[in-house]
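So you can see what is in the structure, the chains are spelled out below.
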Amino acid sequence: MNCFVKILKKLFLTPLIIFGLQSAVAQQANWTHFRGNNLNGISDATNIPVSWNDSTNVIWKTAIDGKGWSSPVVYENQIWVTTATEDGKQMKAVCVDFNTGKTIFDKKLFEPDTVFAKHGVNTYATPTPCIEKDFVYAHFGSYG
């Protein structure tokens, strides 16, 4: 799973998120935090592909509006990420189905009264959400 998350982190830097490496179909464990369930970045996953591109070892692709650098979190068949408009005026949480890539939820969480400056290469949706049964927790740094 660790390799899966590293792959997703790299691919999430573009507006198009690519999920679902072939070995991920057999996913058994959840990935509930930035660095996994034990917060150490270690996964039990085996037979992870070592090469991929936009057409090799990809099961599905899903476009996500806005930009975000959060890592995906996984619980059962839900994958959650955060995203924000490029100008930081809308903060959202998006959930896609692990098996199909179809969007389950695309929730605008809030619109800040004031948008603060950020580093030019960063986004307004950098912090990774965390998840547990029936709950997902998202925050956006100083915005809350």
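Scroll up a little and you will see the structure.
All of these numbers come straight from a predicted model, not from anything done at the bench.

Criteria and thresholds
Residues numbered from 1 in each chain as written. Predicted model: local features only at pLDDT ≥ 70, side-chain atom pairs only at ≥ 80, totals over all residues. Heavy atoms only, no water. Helix = DSSP H or I, 4+ residues; strand = E, 2+ residues; numbered from the N terminus. Polar contact = N/O pair within 3.5 Å; in protein donor to acceptor, adjacent residues only side chain to side chain. Contact = heavy atoms within 4.5 Å. Salt bridge = Lys/Arg side-chain N within 4 Å of Asp/Glu carboxyl O. Buried < 20%, exposed > 50% of the residue type's maximum accessible area, 1.4 Å probe, protein only. Pairing = 2+ DSSP bridges. Axes fitted to C-alpha atoms, helices over the stretch in contact; angles between N-to-C directions. Core = buried A, V, L, I, M, F, W, Y, C linked by side-chain atoms within 4.5 Å. Phe/Tyr/Trp six-rings, centres within 6.5 Å; stacked < 30°, edge-to-face > 60°.

(A) Just the side chain of Thr-128, in detail. Looking at where Thr-128 falls in the secondary structure, it is placed in the loop between strand S6 (103-110) and strand S7 (130-132). In terms of polar contacts, Thr-128 uses its side chain to reach the backbone amide nitrogen of Ser-71, at 2.9 Å. Ignoring anything within four residues of it in the chain, the contact list for Thr-128 reads His-33, Phe-34, Ser-70, Ser-71, Val-73 and His-139.

(B) A look at the pattern of salt bridges. All chains considered together, the criterion is met by three salt bridges. One salt bridge connects Asp-106 with Lys-92, and the closest N-O pair in it is separated by 2.9 Å. Of the two residues, Asp-106 sits in strand S6 while Lys-92 sits in strand S5 (residues 91-97), which places them 14 residues apart along the sequence. Using a relative accessible area of 40% as the deciding quantity, one classes Asp-106 as partly exposed. Across the salt bridge formed by Glu-111 and Lys-108, the nearest N and O atoms sit 2.9 Å from each other.

(C) Highlighting the sheet that holds strand S4 (residues 78-84). If you trace the four strands from one edge of the open sheet to the other, you get S3-S4-S5-S6, paired in antiparallel fashion. Both outer strands of the open sheet, strand S3 (73-75) and S6, are each paired with one neighbouring strand and no more. Here the strands of the sheet are splayed against their neighbours by 25 degrees on average, with no regard to which way each runs.

(D) Region of interest: the nonpolar core. If you look at the biggest cluster of nonpolar residues, it comprises nine residues: Trp-31, Trp-60, Ile-64, Val-74, Ile-79, Val-81, Val-94, Val-96 and Phe-98. Elements represented by at least two residues in this core include exactly S4 and S5.

(E) Structural context of the packing of aromatic side chains. All chains considered together, the criterion is met by five aromatic pairs. Seen in terms of ring centroids, Trp-80 and Phe-105 are 5.7 Å apart; in terms of plane orientation they differ by 15 degrees. Their pairing is stacked. Here Trp-80 is found in strand S4, whereas its partner Phe-105 is found in strand S6, with 25 residues between them in sequence. Among the residues examined, Phe-105 registers a relative accessible area of 32% and is labelled partly exposed. Between Phe-116 and Tyr-143, the ring centres sit 5.5 Å apart and the planes meet at 40 degrees, which makes this aromatic pair tilted.

(F) Looking closely at the environment of Ser-71. Assignment of secondary structure puts Ser-71 in the loop between strand S2 (60-63) and S3. With 37 residues separating them in the primary sequence, Ser-71 and Phe-34 have C-alpha atoms 6.1 Å apart.

(G) Up close: unusual backbone geometry. Residue Asn-47 is not a glycine yet carries a positive backbone phi of 55 degrees. Secondary-structure assignment places Asn-47 in the loop between strand S1 (16-19) and S2. Within the chain, Asp-134 stands out as a residue other than glycine whose phi angle is a positive 70 degrees. The residue Asp-134 is located in the loop between S7 and strand S8 (135-137) in this model. The exposed category is assigned to Asp-134, whose relative accessible area is 66%.

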